[in-house]
Amino acid sequence: MDDNTVIIFTSDHGLYSGQQGLAGKAFCYEQTTHVPLIIYNPMVPDAARGKRSDQLVQSIDIAPTMLDFAGIDTPESFQGKSLRNLIQGSDQPVHEYIFTESLWSTHFGNPRIEAVQDKRWKYIRYYKNENFPAAWKIRVAKELGIPQNKMLYGVHDDAIAVYRYYVEAPQACSATPPTASRVIKPSESQCHRQLVPKAIRPVSRRR
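Structural notes, computed from the coordinates. None of these values were measured; they are calculated from a predicted model. (Residues numbered from 1 in each chain as written. Predicted model: local features only at pLDDT ≥ 70, side-chain atom pairs only at ≥ 80, totals over all residues. Heavy atoms only, no water.)

Considering the overall build of the chain
Then, in step 1: The helix and strand inventory of the chain stands at seven helices and seven strands.
Then, in step 2: Listing each helix as α and each strand as β along the chain from the N terminus yields β-β-β-α-β-α-α-β-β-β-α-α-α-α.
Then, in step 3: Across the 207 residues of the chain, 25% fall into the buried class.
Then, in step 4: Surface summary for the chain: the accessible area is close to 14,500 Å², and the carbon and sulfur share equals 53%. (Helix = DSSP H or I, 4+ residues; strand = E, 2+ residues; numbered from the N terminus. Buried < 20%, exposed > 50% of the residue type's maximum accessible area, 1.4 Å probe, protein only. Areas by Shrake-Rupley, 256 points an atom, 1.4 Å probe, with all protein chains shown as cover.)

Set out below in structure tokens:
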């Protein structure tokens, strides 16, 4: 097996450690999008081993590469390209530019992001955030008397109380900032049915 097994090592994303004033992973700067890709192929000539390349490649290139080495045609729906020539010693470009996107939009303020880049430039566009701001959720939690930063619950309890349900469910009824009175207002029957059963359900413990 060690004579004909191709081994591929990579990572899904990097992590900010203060760069750009950020922590986490949810943006398209190089610290998170530039990840390691190490490919070992025992079948290539010695001259091609241990080579480093600065060609633009993407994670979507891994599946076409594996299929290529297995002698299987790549489906037309695949957007990635095989890296086989690059692995075997060629230095011809695989992509002229590459595309990155992050669809993880959060209430912490992270919008949806897309980016396109070549070896010199990267263009990043922030284009959508459909989440309620965290400040709205904190305000409603305070009005309802729900703790904002501590909670006691049974470790294996299926009925763990989550106050985010109070403020996220009304989004289907209105785009206006929620308040406690609006969230539990009886006349808004649709929202009321969505919220009350889960919101007031007591925490139970299994024995």
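After that view of the structure, there is still more to cover.
Remarks on the pattern of salt bridges
Then, in step 1: Considering all chains together, one arrives at five salt bridges under this definition.
Then, in step 2: Here D68 and R84 are joined by a salt bridge, their closest N and O atoms 3.4 Å apart. Taken together, the residues span a long stretch of sequence, with D68 in helix 2 (residues 62–69) and R84 in helix 3 (residues 84–87) at a distance of 16 residues. (Salt bridge = Lys/Arg side-chain N within 4 Å of Asp/Glu carboxyl O.)

Focus: a nonpolar patch on the surface
Then, in step 1: Side chains of Y97, F99, V116 and Y123 sit close together on the surface and give an oily, nonpolar patch of about 450 Å² of accessible area.
Then, in step 2: You can see Y97 is positioned in the loop between helix 3 and strand 5 (98–102).
Then, in step 3: By relative accessible area, which is 54% here, Y97 ends up exposed. (Patch = residues over 30% accessible without salt bridge, like charges linked within 9 Å, V, L, I, M, F, W, Y side chains within 5 Å.)

Focus on helix 2
Then, in step 1: Of all the residues in helix 2, the buried ones are I62, P64 and T65. Angularly, the buried residues of helix 2 cover 165° about the axis, an arc narrow enough to put them on a single face.
Then, in step 2: Where helix 2 terminates, the next one or two residues include G71, which has phi positive at roughly 75°. (Arc of directions from axis to C-beta.)

Let's talk about the sheet that holds strand 5
Sheet strands pair via backbone hydrogen bonds, and the direction of the pair is either parallel or antiparallel.
Then, in step 1: Ordered by their spatial adjacency, three strands build an open sheet running 5-6-7, and the pairing between neighbours is antiparallel. The open sheet has two free edges, formed respectively by strand 5 and strand 7 (122–128), since each of these has just one partner strand. On average, adjacent strands in this sheet sit at an angle of 15° to one another, irrespective of strand direction.
Then, in step 2: The sheet contact formed by strand 5 and strand 6 (residues 112–117) spans five bridges and is antiparallel. Residue pairing for strand 6: E101 is matched across the bridge by E114. (Pairing = 2+ DSSP bridges. Axes fitted to C-alpha atoms, helices over the stretch in contact; angles between N-to-C directions.)

Describing the environment of I8
Then, in step 1: By the element assignment, I8 lies in strand 1 (residues 7–10).
Then, in step 2: Between the alpha carbons of I8 and M66 there is a distance of 9.2 Å; along the sequence they are 58 residues apart.
Then, in step 3: With near-sequence residues (within four places) excluded, I8 lies in contact with L37, I38, I39, I62 and M66. (Contact = heavy atoms within 4.5 Å.)

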